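Summary of the model geometry
Spelled out, the chains give:
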Amino acid sequence: MKDYVITLISVSIVCGIVHILAPAGTGEGIRKHVKLISSLCVLCIMIAPISGFIRSLESSEFNILGEYKESGSLENRYDKIYNDMISAYSAEQIAERCEEILRERFSLEEGDIQVMIYFSSSDNEPVISKAAVILYTGAITKDPREISACVTELLECECEIIYR
């Protein structure tokens, strides 16, 4: 801030000296131009911090309107949104189908088992990274190793068994 004030005062003094030294001719033509250019120089120095402030707002994680800005190109952002939506929808559908298969194979009732699917991203493609199987009261008597092996075979991913 100190440097800014010193620069502003210095430019103002230099502009004042140039204005005084400008030749006074008929109609003060040159003095008007010198005064205009001097005023523009001082104005530029005065608004310099505003441009830095605006640049800092643009480069921040949030824009002026308070909306979240993601880094990357527009196409990459759309791909990420698309993959997230596909993953969310697919996780539900895969989990439901997996629950149906497990209920059939292990003679379980509706509500005895719950499957949760977790995705990770590999080369911008959603890939099933892990499955969690929650066993409720009616499924506690079933062998968790067999359930885990069945899920691992179906989804080709790691399977975690959780008792509730």
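Refer to the structure above for everything that follows.
Everything numeric in this text was worked out from a predicted model, so none of it was measured.

A full pass over the atoms with the stated rule returns zero disulfides. Cysteine C41 remains unbridged, with the sulfur of C15 as its closest cysteine sulfur at 5.0 Å.

With that out of the way, let us pick up the pattern of salt bridges. Within the structure shown, the criterion is met by five salt bridges. Here R97 makes a salt bridge to E100, at a shortest N to O gap of 3.0 Å. Taken together, the residues R97 and E100, both in helix α3 (residues 74-106) and three residues apart, mark about one turn of the helix. A salt bridge links K130 to E160; the shortest N-O distance between them is 2.9 Å. With K130 in strand β2 (residues 125-135) and E160 in strand β3 (residues 158-163), this residue pair connects regions lying 30 residues apart in the sequence. Owing to a relative accessible area of 32%, E160 belongs among the partly exposed residues under this scheme. Connected through shared salt-bridge partners, E99, R103 and E110 make up one network.

Along its 12 residues, helix α4 (residues 144-155) runs 16 Å from first to last C-alpha, staying within 8% of the 16 Å computed at 1.5 Å per residue. Among all positions of α4, only I147, S148, C150, V151 and L155 are buried. On an axial view of α4, the arc spanned by its buried residues comes to 160°, and they lie on one face. Residues of α4 that are exposed and point more than 90 degrees away from the buried face comprise R145 and E153. The inward-facing, buried residues of α4 contact α3, β1 (113-122), β2 and β3. Just downstream of α4 lies E156, where phi reads positive at about 55°.

This part covers the sheet that holds β3. Neighbouring strands of a sheet are bound in pairs by backbone hydrogen bonds; such pairs are parallel or else antiparallel. In spatial order, the strands read β1-β2-β3; together these three strands make up an open sheet with mixed pairing. Unpaired on one side and paired on the other, β1 and β3 mark the two borders of the sheet. In this sheet, neighbouring strand axes are inclined to one another by 25° on average, regardless of whether the strands run parallel or antiparallel. Bridging between β1 and β2 involves 10 bridges; their strand directions are antiparallel. Looking at the pairing, Q114 lines up with I134 of β2. Packed onto the sheet, α3 meets β1 and β2 and runs at close to 145° relative to β1.

Cut-offs and rules
- Residues numbered from 1 in each chain as written.
- Predicted model: local features only at pLDDT ≥ 70, side-chain atom pairs only at ≥ 80, totals over all residues.
- Heavy atoms only, no water.
- Disulfide = S-S within 2.5 Å.
- Salt bridge = Lys/Arg side-chain N within 4 Å of Asp/Glu carboxyl O.
- Helix = DSSP H or I, 4+ residues; strand = E, 2+ residues; numbered from the N terminus.
- Buried < 20%, exposed > 50% of the residue type's maximum accessible area, 1.4 Å probe, protein only.
- Expected span 1.5 Å × (residues − 1).
- Arc of directions from axis to C-beta.
- Contact = heavy atoms within 4.5 Å.
- Pairing = 2+ DSSP bridges.
- Axes fitted to C-alpha atoms, helices over the stretch in contact; angles between N-to-C directions.

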